[in-house]
Amino acid sequence: MKVFRNFSDYPSHRPLALSLGMFDGVHLGHKCIIDELKKVGSAHHLETAILTFWPHPRFVFNPNEDLKLLNTLDEKTLLMEKYGINNLFLKEFDDEFRNLTGEEFVRQILIEKLNVKYLIIGYDHSFGKNKSGNFELLQKLSKELDFEVEQMEAINIHENNISSTKIRNALLAGTILEANEMLGYSYSVSGTVVHGKKLGRTIGYPTANIETENLKLLPKKGAYIVEVFVKNQQYKGMLSVGTNPTVNGEKLTVEVYILDFEGDIYDERITVKFRDYLHEEIKFEGLDKLIERLDEDKRLTEEFIF
């Protein structure tokens, strides 16, 4: 997959089948769009492309909004490559770009710079200044500018439309299985292992303290069963998102106890994939009660089938 940060770097003599949007999460609804792009590209001898934006436009329009994302830029790029996209355009959502009307965007960017011959958009997608671009505008311009346009229907699970917002809400409610079902894969968080208070090692449960990216959404506070990937090896793990209230902690941390693992992994980058929710964050009466709960969590994690 080729990644472009400037439209001028793309050799526009190669015609494209393209879709555009944030694609946050690259969930099953997005994958249906990608699959259709690949099908159309093959039938019309077109390369496939996704045009997405960084930062998220909501950061530009609402700079004080505390929006957390399902994917980092690296995660989104890897998913696009995994799903077989030929070209990924990462456009900075700057002042010049945000002030293009829907029609200007189609003429100046999609047609003149990217040579789009087939455009696929989601069921609720709008674009351009004041959301002036929509499916009706695309249908009108397609005849004049010689491209085809297709609008995908919403993808449903259990009669509910899949959306990035619904996945965020599921993660914030701790309903990991629901979120993973909509994503089509297990939600993950990556980060560097940093030094913590090292309390865990004193009670037989040494944990790796993960420093995550600030923009990445963390699920609801609580304990989870996770898969841990460290040094190209996979392990089972028990992960905590919280403040360690039993020892009067205040800072939000992400800590994982890795089963059947020993070794120094400080400064290593690790990835955890959330597989199931164990329980909410609990303030125990003392360390003995905490250890009892950890023992039970470990038993449940050992029995969990990945």
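Just so we're clear, the structure is a prediction, and the values are computed from it rather than from any experiment.

Brief notes about the overall build of the chain
Each helix and strand in the chain was counted, giving nine helices and 14 strands. Along the first, second and third principal axes, the C-alpha atoms of the chain reach 75 × 40 × 40 Å. Taking as baseline every contact in the chain between residues at least 6 positions apart, the subset at least 24 positions apart corresponds to 74%. Mean positive and mean negative side-chain charge positions of the chain (38 and 48 charges, respectively) differ by 2 Å.

A closer look at the side chain of Asp 24
Within the element layout of this structure, Asp 24 appears in the loop between β2 (16–20) and α1 (28–44). Side-chain polar atoms of Asp 24 contact the backbone nitrogen of Leu 70, separated by 3.1 Å. Side-chain polar atoms of Asp 24 contact the side chain of Arg 168, separated by 2.7 Å. Residues in contact with Asp 24, not counting those within four places in the same chain, are His 30, Leu 69, Leu 70, Asn 71, Ser 164 and Arg 168.

Description of the nonpolar core
One finds Leu 239, Val 256, Val 272 and Phe 274 to be the most contacted residues of the largest nonpolar core, which totals 50 residues. Discounting residues that sit within four places of it in the chain, Leu 239 has contacts with Gly 222, Ala 223, Tyr 224, Val 226, Val 254, Glu 255, Val 256, Val 272 and Phe 274. Among the nonpolar cores identified, the runner-up in size contains 30 residues, and Phe 89, Leu 119, Ile 121 and Phe 127 belong to it.

Re the pattern of salt bridges
Tallied over the full model, the rule gives 14 salt bridges. Put simply, Arg 293 and Asp 297 hold a salt bridge, and the shortest N to O gap is 3.0 Å. Taken together, the residues span about one helical turn, with Arg 293 and Asp 297 both in helix α9 (residues 287–303) at a distance of four residues. For Arg 293, a relative accessible area of 25% corresponds to the partly exposed category.

Focus: the sheet that holds strand β11 (residues 222–230)
On the basis of which strands lie adjacent, the closed barrel formed by six strands has the order β9-β10-β13-β12-β11-β14 and antiparallel pairing. Between one strand axis and the next, the sheet turns through 45° on average, direction left out of account. Pairing analysis gives four bridges linking strand β9 (residues 188–194) to strand β10 (residues 208–212), with the strands arranged antiparallel. Its bridge partner lying in β10, Val 193 is registered against Ile 210.

Overview of the UniProt feature "domain: Riboflavin kinase" (unreviewed entry) in the chain
Under the feature "domain: Riboflavin kinase" (unreviewed entry), the UniProt entry names residues 182–306. Helix makes up 15% of residues 182–306 and strand 39%, and the two end C-alpha atoms of the span are 18 Å apart.

Topic: the side chain of His 279
Checked against the element boundaries, His 279 lands in strand β14 (residues 269–280). A residue is classified by how much of its surface remains accessible, and His 279, at 14% relative accessible area, is buried. For His 279, the side chain forms a polar contact with the side chain of Asp 297, separated by 2.8 Å. Not counting the four nearest positions on each side in its chain, His 279 is found in contact with Gly 222, Ala 223, Arg 293 and Asp 297.

Observations concerning the sheet that holds strand β3 (residues 47–54)
Taken together, the six strands give an open sheet; going across it, the order is β1-β4-β3-β2-β5-β6, and neighbouring strands pair in parallel fashion. Of all the strands in the sheet, just β1 (2–4) and β6 (148–151) have a single pairing partner and so form its edges. Sheet twist, expressed as the average angle between the axes of neighbouring strands with direction ignored, equals 20°. Bridge analysis of β2 against β3 gives five bridges, and the strand direction is parallel. Of the residues in β3, the one forming a bridge with Leu 16 is Glu 47. Running at roughly 125° to strand β5 (residues 116–121), helix α5 (residues 102–111) makes contact with β2, β3 and β5 of the sheet.

Structural notes on the packing of aromatic side chains
Throughout the structure, instances matching the rule amount to 15 aromatic pairs. When the centroid spacing of 6.0 Å and the interplanar angle of 70° are considered together, the rings of Phe 93 and Phe 97 count as edge-to-face. Residue Phe 93 is classed as buried on the basis of its relative accessible area of 12%. Aromatic ring contacts, followed pair by pair, group Phe 53, Phe 93, Phe 97, Phe 105 and Phe 127 into a single cluster.

Structural notes on the packing of α5 against helix α6 (residues 135–145)
Here α5 crosses α6 at 45°, and the two axes come no closer than 11 Å. With respect to each other, α5 and α6 are oriented oblique. The handedness of the crossing between α5 and α6 is right-handed. For the pair α5 and α6, the contacting residues are Gly 102, Glu 103, Val 106, Arg 107 and Ile 111 in the first and Leu 137, Leu 138, Leu 141, Glu 144 and Leu 145 in the second. Partitioned by chemical class, the residues of the contact of α5 with α6 number six nonpolar, one polar and three charged.

Cut-offs and rules
- Residues numbered from 1 in each chain as written.
- Predicted model: local features only at pLDDT ≥ 70, side-chain atom pairs only at ≥ 80, totals over all residues.
- Heavy atoms only, no water.
- Helix = DSSP H or I, 4+ residues; strand = E, 2+ residues; numbered from the N terminus.
- Contact = heavy atoms within 4.5 Å.
- Lys, Arg positive; Asp, Glu negative; His and termini not counted.
- Charge placed at Lys NZ, Arg CZ, Asp CG, Glu CD.
- Polar contact = N/O pair within 3.5 Å; in protein donor to acceptor, adjacent residues only side chain to side chain.
- Core = buried A, V, L, I, M, F, W, Y, C linked by side-chain atoms within 4.5 Å.
- Buried < 20%, exposed > 50% of the residue type's maximum accessible area, 1.4 Å probe, protein only.
- Salt bridge = Lys/Arg side-chain N within 4 Å of Asp/Glu carboxyl O.
- Pairing = 2+ DSSP bridges.
- Axes fitted to C-alpha atoms, helices over the stretch in contact; angles between N-to-C directions.
- UniProt positions renumbered as here; feature names shortened; annotations may be inferred.
- Phe/Tyr/Trp six-rings, centres within 6.5 Å; stacked < 30°, edge-to-face > 60°.
- Parallel < 35°, antiparallel > 145°, perpendicular 65-115°, else oblique.
- Left-handed = near helix turned anticlockwise from the far one by under 90°.
- Nonpolar A, V, L, I, M, F, W, Y, C, P; charged D, E, K, R; others polar.

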